[in-house]
Amino acid sequence: VDFSGCPGDGPGARQPNWVTCPWPSEFSKVLEWQWEKRVIPYWTRHAKFAKERGVRIAIEMHPGFVVYSPETLIKLREAVGPAIGANLDPSHLFWQGIDPVRAVAYLGKAVYYVHAKDTRIDPANTAVTGVLDTKHYGDLAGRSWVFRTVGWGHDRKFWTDFVSALRTAGYDHVMSIEHEDALMSPMEGFTKAVEFLRPIIISEKPSDMWWA
């Protein structure tokens, strides 16, 4: 499991530059340079290295990096080959407005690994500040969204649909519980996540899909 990385705005850059819109036109030129001169050459080498050793790399789609969505994940995969797939963490998709269930269908066999983590979006704060929120994760009252234990951000129907989508796509592997819920201790969050997910996963089909 890895991140894609994010280059800067040119050869001499020392910090990343995450481009989120096409205008002014300089932004589009930066994005083109990043992909053509840095991202694709870098991952072409590493995908070849991984393929030769029978290793698959699951890129977590995370804002702040060049691969942050299903579309950008497939863009990288098509450029460098199937050694690259997705680590699908729905928590980072929720607040971008991406439906993780639709994302699974879009990615299909490119889903290599899955994180079980939830996000609660605060509608009142989001209505004022939007979702691009740079306040500290500890500012639970002020943020537009916060990470939550599975089931404390989205209901059982979502998670049932999500697991069903994974089955439909042929995924029968780990759902790795990732705890970043500031309102619960790690043990409390993990225990509640297991209790919440167990009947959903087992009801789908007894199999090798468990949690780590």
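Since the model is a prediction, treat every value here as computed from it, not as a measurement.

Colleague: I'd like to hear about the sheet that holds strand β1 (residues 57–60), residue by residue, with values.
Modeller: Here we have four strands laid out as an open sheet, ordered β1-β2-β3-β6, and parallel in their pairing. The sheet terminates laterally at β1 and β6 (175–177), the two strands that pair on one side only. Strand-to-strand twist across the sheet, computed as the mean angle between neighbouring axes with direction ignored, equals 35°. In the sheet, strand β3 (residues 111–116) pairs with β6 via three bridges, with the strands oriented parallel. Among the inter-strand pairings, H115 is bridged to a residue of β6, identified as S176. The strands that helix α2 (residues 70–80) touches are β1, β2 (84–88) and β3; relative to β2, the one it contacts most, it runs at about 160°. This element, helix α6 (residues 156–168), spans β2, β3 and β6 of the sheet and lies at about 160° to β3.

Colleague: Help me get a handle on the packing of helix α4 (residues 100–107) against α6, residues and values and all.
Modeller: At a minimum axis distance of 9 Å, the contact between α4 and α6 shows a crossing angle of 5°. The angle between the axes of α4 and α6 places the two elements in the roughly parallel class. On α6, the residues that touch P100, V101 and V104 of α4 are F158, D161, F162, A165 and L166. Each residue belonging to the contact of α4 with α6 can be placed in one class, and the counts come to seven nonpolar, no polar and one charged.

Colleague: Describe the packing of aromatic side chains, listing the residues and the values that go with them.
Modeller: Counted according to the given criterion, the structure contains 11 aromatic pairs. Measuring from ring centre to ring centre gives 4.7 Å for W95 and W145, while their planes differ by 10°; the resulting arrangement is stacked. Taken as a pair, W95 in the loop between α3 (90–94) and α4 and W145 in strand β5 (residues 145–148) lie far apart in primary sequence, 50 residues in all. When its relative accessible area of 9% is taken as the criterion, W95 is described as buried. Its relative accessible area of 4% is what places W145 among the buried residues. Summarising the aromatic geometry, the rings of W159 and F162 are spaced 5.5 Å apart at their centres and angled 85° between planes, so their arrangement reads as edge-to-face. On the criterion of helical spacing, the pair formed by W159 and F162 is a turn pair, its members being three residues apart in helix α6. F162 shares its class with W159; the two are buried. Here a set of aromatic residues connected by ring pairs shows up, and it is made of F94, F158, W159 and F162.

Colleague: Can you tell me about α6, naming the residues and giving the values?
Modeller: Its 13 residues place the ends of α6 18 Å apart at the C-alpha level, agreeing with the 18 Å of an ideal helix rising 1.5 Å per residue. All of the buried residues in α6 are F158, W159, F162, V163, A165, L166 and R167. N-capping of α6 is provided by D155, with a side-chain oxygen placed 3.2 Å from the backbone N of K157.

Colleague: Please give an account of α4 that cites residues and values.
Modeller: Within the span of α4, buried status applies to P100, A103, V104 and L107. Down the axis of α4, the buried side of the element spans an arc of 100°, and every buried residue falls inside it. With respect to the buried face of α4, the exposed residues turned more than 90 degrees away are R102 and A105. In this fold, the buried residues of α4 make contact with α2, β2, α3, β3 and α6. Where α4 begins, the side chain of D99 points an oxygen toward the backbone nitrogen of V101, at a separation of 2.9 Å. Positive phi appears at G108, one or two residues downstream of α4, with a value of about 55°.

Conventions we followed
- Residues numbered from 1 in each chain as written.
- Predicted model: local features only at pLDDT ≥ 70, side-chain atom pairs only at ≥ 80, totals over all residues.
- Heavy atoms only, no water.
- Pairing = 2+ DSSP bridges.
- Helix = DSSP H or I, 4+ residues; strand = E, 2+ residues; numbered from the N terminus.
- Axes fitted to C-alpha atoms, helices over the stretch in contact; angles between N-to-C directions.
- Contact = heavy atoms within 4.5 Å.
- Parallel < 35°, antiparallel > 145°, perpendicular 65-115°, else oblique.
- Nonpolar A, V, L, I, M, F, W, Y, C, P; charged D, E, K, R; others polar.
- Phe/Tyr/Trp six-rings, centres within 6.5 Å; stacked < 30°, edge-to-face > 60°.
- Buried < 20%, exposed > 50% of the residue type's maximum accessible area, 1.4 Å probe, protein only.
- Expected span 1.5 Å × (residues − 1).
- Polar contact = N/O pair within 3.5 Å; in protein donor to acceptor, adjacent residues only side chain to side chain.
- Arc of directions from axis to C-beta.

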